[in-house]
Amino acid sequence: MTAGAGMPVVVVGAGVVGASVAYHLARRGVEVTLLDREPSPAAGVTGGSFAWIGGLGGDWPGGARDLRELVLADHRRLESELPDVVVRRSGSLTWGGDTEGPLGEGRFEVGPEAIRALEPRLRTPPERAVHTPSDRGVDPVPFTTALVRAACARGARAVFGATVTALRTVGGRVEGVLSSAGYHPASTVVLAAGTEVARLAEPLGVDLPVATSPACLVRLTAPPGLVRTVVACPGFEVREVRDGHVLMTVPVDGTAPERRALGHLRSAFTGADDCRVLECRVSARPMPAGGPLLGHVAPGVYVTVTHSAVTLAPTVGRLVAAEIATGEPAQELRRCRPRGLPPDSWTT
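The residue numbering used here restarts from 1 in each chain and proceeds along that chain's sequence as written. In keeping with the predicted nature of the model, local features appear solely for residues at pLDDT of at least 70, side-chain atom pairs appear and are counted solely at 80 or more, and the whole-chain, interface and lining totals rest on all residues. Remark: hydrogens and water are excluded; side-chain values derive from all non-hydrogen atoms of the structure.

Caption draft 1: Here's a closer look at the side chain of Thr 229. Summarising the element assignment, Thr 229 is placed in the loop between β14 (210-221) and β15 (230-233). Residue exposure (1.4 Å probe, protein chains only): buried if accessible area is under 20% of the type maximum, exposed if over 50%, otherwise partly exposed. You can call Thr 229 buried: its relative accessible area is 2%. To qualify as a helix, a DSSP run of H or I must reach at least 4 residues; to qualify as a strand, a run of E must reach at least 2; elements of each kind are numbered from the N terminus.

Caption draft 2: Just the sheet that holds strand β4 (residues 87-88), in detail. We treat two strands as partners when DSSP finds at least two bridges between them. One open sheet accounts for three strands, arranged β3-β8-β4; its pairing is antiparallel. With one partner strand each, in any of the chains shown, β3 (52-53) and β4 form the two edges of the open sheet. Here β3 runs beside strand β8 (residues 136-138); their pairing, made up of two bridges, is antiparallel. Paired with Ile 53 across the two strands is Arg 136, which belongs to β8.

Caption draft 3: Just the nonpolar core, in detail. In this description, a nonpolar core means a group of buried Ala, Val, Leu, Ile, Met, Phe, Trp, Tyr and Cys residues linked to one another through side-chain atoms lying within 4.5 Å. Counting residues in hydrophobic clusters, the biggest one holds 48 residues, and the most contacted among them are Val 11, Leu 25, Phe 143, Leu 147, Val 320 and Leu 333. Breaking this core down by element, the ones donating at least two residues are β1 (9-12), α1 (16-27), β2 (32-36), α2 (68-81), α4 (140-153) and α7 (309-326). What Phe 143 contacts, discounting residues up to four positions off in sequence, is Val 16, His 75, Leu 78, Val 85, Val 138, Val 310 and Pro 314. Membership of the second largest hydrophobic core comes to 26 residues, among which are Leu 93, Val 110, Ala 261 and Phe 269. A contact between two residues is defined here by any heavy atoms of the two lying within 4.5 Å.

Here it is as structure tokens:
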């Protein structure tokens, strides 16, 4: 069944993936209702994302490998469609971790001289690093908010502060969502609520392999240009999210992460002595086993669980919306189907 039948598609979760699905559905003229238990978009895990957008490097599990070549083009498309989205086209510098071995197209090994040119305030450049010029970043909250605003401008309805209590099933098919804001009939319910997706799908007899992984994000003040690229090295990652503000990630190990982040910044970069912490938050990221989980799991129910969500959101939103609106499976998602369904299955 395609979207419609006199009822909207209901998207549960206004993080970046849910917002992208809602936007791309509305862009196709589909009636959409977007629900979230928080008072504003990206108030959950998305707001705690480092939001490093890369389409070339790193280990992409399972079906995510089929999406990697689409990521940067979809981000560029979305940037042109949403002019209020600010993208930092900084490139990245990475050393340690997975930088050994073949680099692949678009990634380059650089030495101390090139590293100093890219990051002039780095106190002690490594002997080698991997430079990926196409990498970029966004501020995840304004990015998600822009998606929601654009969806609503195209006719979507956003309901915040609405805690979903149950899915309503009629004749073996889910036909709506019960929430603290009332009942929301639906032709299709899209579960895009991160770590909550497995819980919401469980009453349907669906067991989704979604683990959680803690992630710590620290926002700090910093002199403009203190960090010029996305720097990823043993112990932390850091990038400038906008002039005068940087984002950092540090491992969650039981010690005070904000002090560790500030210490790393001051020891790694000259001119960081006056930086200060604005916010520190630890989020439970959904980590679907084997890569993204995207597809119908029961009649009327479509799930979307991904990592990394900000990187994949424009591509996932476009492909998922096309599947729901047309009823035609996207070949790019065939290896992302939830476990227990054949790769080419299409449960409606």
